[in-house]
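Fold and geometry: a report
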Amino acid sequence: MRQAFVVTLILGVSYVLSANNYLLFHSFAELFSIVIAFGIFTLAWNSRLFATNHYLLFLGIAYLFVAFVDTLHVLAYKGMGVIKGYDDNNIAIELWIVARYIEAVSLMIAPVFLRRRPNVSVVFAGFTLIVTLLLLSVFYWQVFPECFVNGVGLTRFKVGSEYVICLILVIAMVLLLRNMGEFEVSVLRMLMLSIVFTICTELSLTFYVDQYGISNVVGHFFKILSFYFIYMAIIQTGLKSPYSLLFRDLKKSEESLRISEERYRSLFTRSPAKMLLIDPGTGRVMDANPAACSFYGYTLAEIISLNISDISVEEPINLIDHAQGSIYNLCHRLASGEVRHVRVKASPIDIVGKVTLFMIVADITRHFQAEQEIQRKHQELQLLNQTLEERVRAEIARSLQREHILIQQSKLAAMGEMLSMIAHQWRQPLSCITTTMGDMQISLILDTFNKNDFYESLKKINYQAQYLSKTIDDFRHFFNPRKNKENVCLNYLIDQALAIIKNSLDHNSIKVGIDCSLTTPINTYANEIVQALLNIIRNAQDAIVQRQRQEPIITLTCRDGDGFAALDIQDNAGGVPEGIIDKIFEPYFTTKDDSTGTGLGLYMSKMIIERHCSGELSVTNKGQGACFTIRLPYNIEEEARK
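Analysis parameters
Residues numbered from 1 in each chain as written. Predicted model: local features only at pLDDT ≥ 70, side-chain atom pairs only at ≥ 80, totals over all residues. Heavy atoms only, no water. Helix = DSSP H or I, 4+ residues; strand = E, 2+ residues; numbered from the N terminus. Buried < 20%, exposed > 50% of the residue type's maximum accessible area, 1.4 Å probe, protein only. Contact = heavy atoms within 4.5 Å. Areas by Shrake-Rupley, 256 points an atom, 1.4 Å probe, with all protein chains shown as cover. Patch = residues over 30% accessible without salt bridge, like charges linked within 9 Å, V, L, I, M, F, W, Y side chains within 5 Å. Salt bridge = Lys/Arg side-chain N within 4 Å of Asp/Glu carboxyl O. Pairing = 2+ DSSP bridges. Axes fitted to C-alpha atoms, helices over the stretch in contact; angles between N-to-C directions. Expected span 1.5 Å × (residues − 1). Bend = angle between axes of the 7 residues up to and from the residue. Disulfide = S-S within 2.5 Å. Core = buried A, V, L, I, M, F, W, Y, C linked by side-chain atoms within 4.5 Å. Polar contact = N/O pair within 3.5 Å; in protein donor to acceptor, adjacent residues only side chain to side chain. Phe/Tyr/Trp six-rings, centres within 6.5 Å; stacked < 30°, edge-to-face > 60°. Lys NZ or Arg CZ within 6 Å of the ring centre and 35° of its normal.

What follows covers the overall build of the chain. Scanning the chain from N- to C-terminus turns up 18 helices and 14 strands. Considering the chain as a whole, with its 642 residues, one finds that 44% of them fall into the buried category. Taking as baseline every contact in the chain between residues at least 6 positions apart, the subset at least 24 positions apart corresponds to 65%. About 34,600 Å² of surface is accessible on the chain, with carbon and sulfur atoms providing 59% of the total.

If you want it as structure tokens, here you go:
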């Protein structure tokens, strides 16, 4: 209401003056704006050292130069007669355009300094240079574009400049609205009104013909309103409510600080975490939240009368030296005397300019006990591991000893079987030698000796002796196997095995069928494969003899299969009973009586094929008997032997 009265009074006085003496009205309107402009500069300049609103500082400097140019405009106005030698119809309008450009551009640039402090010297120097150049172009060089032509009126430059100035002022309004959070609502409203009336001023001055015309009067009314509202926004607000303008950022900081303190207090009191504030110099408990009071068993009054050393069981830590975000595992004593293991996170915070140690206490008693239990179990486990290693070594030694015994027993069993085979091999040649020698002896007794017959008999005896010698070499070669790998074909291995057991098979009328066209050699331990073949063929022979099969036969078939050389050994002895087929490779398992079987032959064969030669040995019932399948890789690694 009061503002409306003041505005009405100012406009009323201006109207009376304009109706009676336009020149006086014009001078009054311009001086009104000049005084306000100087007032803005005075307020901004004298508050620059403590004000945080840099927008006001920049605008104050700008309005100093606006006031200066407006003063020249008043003095150069038609009828004043102060500045002579120039066309007073044109020069006053040129100075008006200069002042309005400076004002509009300054209002547009000013929001840049809401968050950035301007360099006062640079700003002053910039305005001085620009205003000086513009005034020189008006007064000295006289190159400033004409704005008014007698008898014609306003030039296109003057009208276009007014519209450009209006556009710049609209941009200034948009920038103010984008930064509206930086101003109090009332201040922002009055700044916006000031710019709006400035735009109205410029628009009303775009079509007058006479400097004393009605449009000129209306334009200056708008200018009075424009500067009145900027006066209300900056000067009156800055003097009556400095916090709304000069110290608004400080006020916002205080409000933020108050909100932050309330949040801190709320967090401190409501948090379930146990919190303490400690004086790092004395160790005195300055404050504690309800969670800490509940944990320690004290009231707030009781706990703030204590020192941290009254709570800590250990030697008190150096709070000053270890206050930079340190973490400790300590023991704290409760009011009841109970000792709890706690983890303390200590950090320094600033409270009213004093460094205070902020502690967050976590109860880790259960965690500590669990760690102790884990440590105890770990020690027990280490002790168990030590004894377990000893037991494993002892068990390995016993296992190796048992395996050694098995190997020895297998060798003895194999030797017995070999002796039986030797007997079969030697029986026929020895019988032939004996018969030949008997014939020779009878011929000598009967005196029917014939030199040619005698010579033929010696040849027979020599042939049989050579055969016996070869048999001895074959068996000696078998009992002293070579330890290196050889490149051999399956045909060779089959021939080696049959050379030893052939007579035994013939004695039992067992035929042997061989189907082996595989010529790709394998790199393996030949004699050990021969030993395994002998064990399998001998088992087939024993099964045939035991079951008295008609037309007994053992078939050996070679084939290639996925990187392996495979050998099937099949008999027609009726197969292995399904109930024991999974056990026949176990040590000491046998279907023979104790006098003829040890249960080690097939076990040793599987160990030779799979452990030493990296192959596979399996058995299935197929056709009329059992089929043992040996699969051997074409090449094996040395480690497989070890």
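A separate point is a nonpolar patch on the surface. Together, L129, L133, L136, Y140, W141 and V143 make up a nonpolar patch on the protein surface, roughly 650 Å² of accessible area in all. With respect to the secondary-structure elements, L136 resides in helix 5 (residues 120–140).

Attention now goes to the sheet that holds strand 12 (residues 564–571). What links the strands of a sheet is backbone hydrogen bonding, and the strands pair in either a parallel or an antiparallel sense. Pairing in this open sheet of 5 strands is mixed, and the strands run 9-11-12-14-13 from one edge to the other. Each edge of the sheet is formed by a strand with only one pairing partner; in this case those strands are strand 9 (511–515) and strand 13 (616–622). The mean angle between the axes of side-by-side strands here comes to 20°, regardless of whether they run parallel or antiparallel. Across 8 bridges, strand 11 (residues 553–561) lies against strand 12 in antiparallel orientation. Bridge pairing links I554 to D571 in strand 12. This element, helix 18 (residues 601–612), spans strand 13 and strand 14 (625–633) of the sheet and lies at about 130° to strand 13.

Now for helix 16 (residues 490–507). For helix 16, built from 18 residues, the straight-helix expectation of 26 Å at 1.5 Å per residue is met to within 8% by its first-to-last C-alpha distance of 25 Å. Along helix 16, the sharpest kink reaches roughly 55°, centred on I501. Taken together, the buried positions of helix 16 are L490, L493, I494, A497, L498, I500, I501, N503, S504 and L505. Downstream of helix 16 by one or two residues, S509 has phi in the positive range, about 55°.

This part is about the sheet that holds strand 7 (residues 354–363). Here we have 5 strands laid out as an open sheet, ordered 4-3-7-6-5, and antiparallel in their pairing. Strands with a single pairing partner mark the edges of an open sheet, and in this sheet they are strand 4 (285–288) and strand 5 (326–333). The sheet shows a mean angle of 35° between the axes of neighbouring strands, direction not considered. Taken together, the 5 bridges between strand 3 (residues 274–278) and strand 7 define a ladder with antiparallel strand orientation. Residue pairing for strand 7: M275 is matched across the bridge by I360.

Our next topic: the state of the cysteines. The final tally for this structure, using the stated rule, is 1 disulfide. With a sulfur-sulfur separation of 2.2 Å, C516 is cross-linked through a disulfide to C558. The disulfide joining C516 to C558 has a torsion of about -95° about its S-S bond and is therefore left-handed. One end of the pair, C516, is in the loop between strand 9 and strand 10 (522–524); the other, C558, is in strand 11, with 42 residues separating them in the sequence. There is no split in this pair, since C516 and C558 are both buried.

As a further point, take helix 17 (residues 526–547). Counted at 1.5 Å a residue, the expected span for helix 17 with its 22 residues is 32 Å, and the 32 Å between its end C-alpha atoms agrees. Following helix 17 by one or two positions, Q548 has its phi on the positive side, about 50°.

Ranked by internal contacts, the top residues of the largest apolar core, which has 81 residues, are Y55, Y63, L191 and I234. Elements represented by at least two residues in this core include exactly helix 2 (22–46), helix 3 (54–75), helix 4 (88–109), helix 5, helix 6 (156–178), helix 7 (185–204) and helix 8 (214–240). Contacts of L191, omitting those with residues within four sequence positions, involve Y55, L176, F183, I230, A233 and I234. Grouped together as the second largest cluster of nonpolar side chains are 45 residues, C516, L534, I536 and C613 included.

In this section: the pattern of salt bridges. Close approach of charged atoms lets side chains of opposite charge pair. This model, assessed by the stated rule, comprises 14 salt bridges. A salt bridge links R538 to D542; the nearest nitrogen and oxygen atoms lie 3.4 Å apart. Placement of both R538 and D542 in helix 17 is noted, with a separation of 4 residues, approximately one turn of the helix. Here R538 matches D542 in class, with each residue buried. As a salt-bridge pair, E610 and K606 come within 2.7 Å of each other at their nearest N and O atoms. Of this pair, E610 and K606 both sit in helix 18, separated by 4 residues, roughly a single helical turn. With relative accessibility at 32%, the residue E610 sits in the partly exposed group. You can call K606 partly exposed: its relative accessible area is 24%. Each of E30, D70, R100, E103 and K223 takes part in salt bridges that share partners, so that together they form one network.

Moving on, we get to unusual backbone geometry. A positive phi angle is found at Q548, which is not glycine, with a value near 50°. Of note, Q548 is situated in the loop between helix 17 and strand 11. Since its relative accessible area comes to 66%, Q548 is described here as exposed. The backbone of S614 sits at a positive phi, close to 55°, despite the residue not being glycine. In this fold, S614 is placed in the loop between helix 18 and strand 13.

Locating S204 in the fold gives a position in helix 7. Classification of S204 as buried rests on a relative accessible area of 8%. Separated by 2.8 Å, the side chain of S204 and the backbone oxygen of T201 make a polar contact.

Here we come to the pairing of strand 3. For strand 3, the tally of buried residues reaches 5 of 5 residues, placing the bulk of the element in the interior. Pairing between strand 3 and strand 4: 3 bridges, direction antiparallel. Across the sheet, residue L276 finds its bridge partner in strand 4, namely A288. Between the antiparallel neighbours strand 3 and strand 4 lie 6 residues, among them G283 with a positive phi of about 80°.

Take the environment of E302 next. Considering the arrangement of structural elements, one finds E302 in helix 12 (residues 300–303). Classification of E302 by relative accessible area gives partly exposed; the value is 38%. Measuring from C-alpha to C-alpha, the distance between E302 and V285 comes to 10.0 Å, with 17 residues separating the pair along the chain. At a separation of 3.0 Å, a polar atom in the side chain of E302 contacts the main-chain amide nitrogen of T299.

Per the counting criterion, the structure on display carries 18 aromatic pairs. Measuring from centroid to centroid gives 6.3 Å for F41 and F124, while their planes differ by 90°, and the two rings are edge-to-face. Residue F41 is found in helix 2, and its partner F124 is found in helix 5; the two are separated by 83 residues along the sequence. Residue classification places F41 among the buried residues on the basis of a relative accessible area of 16%. On the numbers, 6.3 Å between centres and 40° between planes, the contact of Y228 with Y231 is tilted. With Y228 and Y231 both in helix 8 and 3 residues apart, this pair spans about one turn of that helix. Just above the ring of W96 sits the side chain of R100; from NZ or CZ to the centre is 4.5 Å. In this structure, R631 is placed above the aromatic ring of F564, and the distance from its NZ or CZ to the ring centre is 4.2 Å.

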